[in-house]
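Observations on the three-dimensional arrangement
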Amino acid sequence: MHKRLYIPGPVEVRQDVLDQMAKPMIGHRTKDASALQQGISEKLQKVMGTKNTIVLSTSSGSGLMEGAVRCFTKNRCAVFSIGAFGKRWYKMCTANGVPADIFESELGQPTTSEMVDEVLSTGKYDCITITHNETSTGVHNPIKAIMDVVKAKYPDVITCVDTVSSMAGDYIPVDELGLDVCITSTQKCLGLPPGMAIASVSDRAVEKAKTIENRGLYFDYVELVKFVKEKPFQYPSTPSLSHMYALDYQLDRILEEGIENRYKRHCEMAEVVRDWARKNCAVYSNPDHLSVTVTCITNTTGIPFSELNKAMGEKGYLISNGYGDLKDKTFRIAHMADTTMDEIKTLLKDLEETIAELQSKQ
Ligand SMILES: *Cc1c(COP(=O)(O)O)cnc(C)c1O
């Protein structure tokens, strides 16, 4: 039996979207391939609210995250971490010999604009990384407040933002916020299979990258942008054309729903899941900074999550355990991509019944 996915990636993918991946291949250096990539770029610019260049990468989002710290750090990178995915940026820096410091918030809490101000006021950093939506804790960072400080006081700093679990679900107007580099993956709010990453990148970030040595090759943003701008709309190596077909198709669906409607749907699903969690368990994170795409729930049921998920699995669902340090204390429900309110309500009803059944057996 297929278990419907309510985990924060990969998400459930609609059959009509999956079918796109079965289309015949085309030559990746053909005009048709360029037209496909151009269409995707233009649609993504609308979804992301940006005029910046869109680069695609046949990798998961981590590839473009790793490329970003290499390409955009000349002096030192300040990594603001609020959980497992923030820590990953820091590991990427150290693994690549990129000088970096990590500034961590307590689990369940956001990065604040005050923290960013204090760190950048040292003058030591020319690149920062922010996790827009921390999937391990279900925290959504106050990105507008953070960017207001960065734009006003540190205009030369390059801002790299991980929107892997929020782009196309949450509201992230890239140009309005002033994000230089904004990275996402296909398998989360975009509602596609895993295997492709996307970034928007500002011209000034690319100009800066050109002055930096040892950027690597496969995830070199200068190279990726060059192929988009000069070839034009090509990819340096052979991209996953199957993902591109599905992405092109799915972007039409997303734009048809409308970015605002999509955001509203995510907010409404998030509210319902949080209400359920408050009634049946507890919401883990700071109530003023909750994610609209994933909710992290403190497991107060007295039932080990492994048992709960096994029983849910028998009913055709997959929900997620806690991540990293929160593995056994919490569990997570994703409400992202093409998931509907009806599906969320049915899931929560079955989850409540399952908990009661397991509790009565204890
Ligand atoms: C899933 C996730 C990642 C990792 O993305 P991959 O596409 O698996 O490499 C990074 N950051 C956040 C916030 C995520 O949710």
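Residues numbered from 1 in each chain as written. Predicted model: local features only at pLDDT ≥ 70, side-chain atom pairs only at ≥ 80, totals over all residues. Heavy atoms only, no water.

Secondary-structure assignment places Ala 22 in the loop between helix 1 (15–20) and helix 2 (31–48). Under the relative-accessibility criterion, Ala 22 is labelled exposed at 67%. For the pair Ala 22 and Ser 242, spaced 220 residues apart in the sequence, the C-alpha separation amounts to 7.0 Å. (Helix = DSSP H or I, 4+ residues; strand = E, 2+ residues; numbered from the N terminus. Buried < 20%, exposed > 50% of the residue type's maximum accessible area, 1.4 Å probe, protein only.)

Attention now moves to the site of the ligand. Close contacts around the ligand come from 14 residues, with Ser 60, Ser 62, Thr 135, Asp 162 and Lys 188 the closest. Contact distances for the ligand include 2.6 Å between a nitrogen atom and a side-chain N or O atom of Asp 162. In this structure, Ser 185 approaches the ligand through a side-chain N or O atom, which is 2.7 Å from an oxygen atom. For the shell around the ligand, the element with the highest residue contribution is helix 3 (residues 61–72), accounting for three residues. (Near = heavy atom within 4 Å. Polar contact = N/O pair within 3.5 Å; in protein donor to acceptor, adjacent residues only side chain to side chain.)

What follows deals with helix 13 (residues 341–361). Between its first and last C-alpha atoms helix 13 spans 31 Å; for 21 residues at 1.5 Å apiece the expected length is 30 Å, and the two agree. If you check which residues of helix 13 are buried, you get Ile 344, Leu 347, Leu 348, Asp 350, Leu 351, Thr 354, Ile 355 and Leu 358. On its buried side, helix 13 packs onto helix 11 (259–280), helix 12 (305–314), strand 13 (317–318) and strand 15 (330–334). (Expected span 1.5 Å × (residues − 1). Contact = heavy atoms within 4.5 Å.)

For helix 10 (residues 241–257), spanning 17 residues, the distance from its first C-alpha to its last is 24 Å, which sits close to the expected 24 Å at 1.5 Å a residue. Looking at helix 10, one finds that the buried residues are Leu 241, Ser 242, His 243, Met 244, Tyr 245, Ala 246, Leu 247, Asp 248, Gln 250, Leu 251 and Ile 254. In this structure, the buried residues of helix 10 make contact with helix 1, helix 2, strand 2 (53–57), strand 10 (197–201) and helix 11. Remark: Gly 258 follows helix 10 within two positions and exhibits a positive phi of approximately 95°.

Here we come to the pairing of strand 9 (residues 181–185). Taking burial as the measure, the five residues of strand 9 include five buried ones, the bulk of the element. The alternating pattern of strand 9 places Val 181, Ile 183 and Ser 185 on one face and Cys 182 and Thr 184 on the opposite face, and all of these are buried. Where strand 9 and strand 10 come together, five bridges link them in antiparallel fashion. Following the sheet pairing, Val 181 is matched in strand 10 by Val 201. (Pairing = 2+ DSSP bridges.)

Our next topic: the packing of aromatic side chains. Under the counting rule described, the total for this entry stands at eight aromatic pairs. Look at Phe 85 and Tyr 323: their rings are 5.2 Å apart centre to centre, the planes differ by 35°, and that puts the pair in the tilted class. A residue pair is termed long-range when its members are at least 10 positions apart, and Phe 85 in helix 4 (residues 84–95) and Tyr 323 in the loop between strand 14 (320–321) and strand 15 qualify at 238 residues. The partly exposed category is assigned to Tyr 323, whose relative accessible area is 29%. The lysine or arginine in question, Lys 23, covers the ring of Tyr 245, its NZ or CZ lying 4.7 Å from the ring centre. The ring of Phe 227 is capped by Lys 231, whose NZ or CZ atom sits 5.0 Å from the centre of that ring. (Phe/Tyr/Trp six-rings, centres within 6.5 Å; stacked < 30°, edge-to-face > 60°. Lys NZ or Arg CZ within 6 Å of the ring centre and 35° of its normal.)

Looking now at the sheet that holds strand 4 (residues 100–104). Spatially, 2-10-9-8-5-3-4 is the arrangement adopted by the seven strands of the open sheet, whose pairing is mixed. Each edge of the open sheet carries a strand with a single partner, namely strand 2 and strand 4. Geometrically, the sheet is characterised by an average inter-axis angle of 20° between neighbouring strands, direction not taken into account. In this sheet, strand 8 (residues 158–162) lies alongside strand 5 (residues 127–131) in parallel orientation, the contact comprising five bridges. Pairing of Ile 128 across the sheet is with Thr 159, part of strand 8. Running over the sheet, helix 4 touches strand 3 (77–81), strand 4, strand 5, strand 8 and strand 9 and is turned about 155° from strand 3. (Axes fitted to C-alpha atoms, helices over the stretch in contact; angles between N-to-C directions.)

Function cannot be inferred from these measures alone, as they are strictly geometric.
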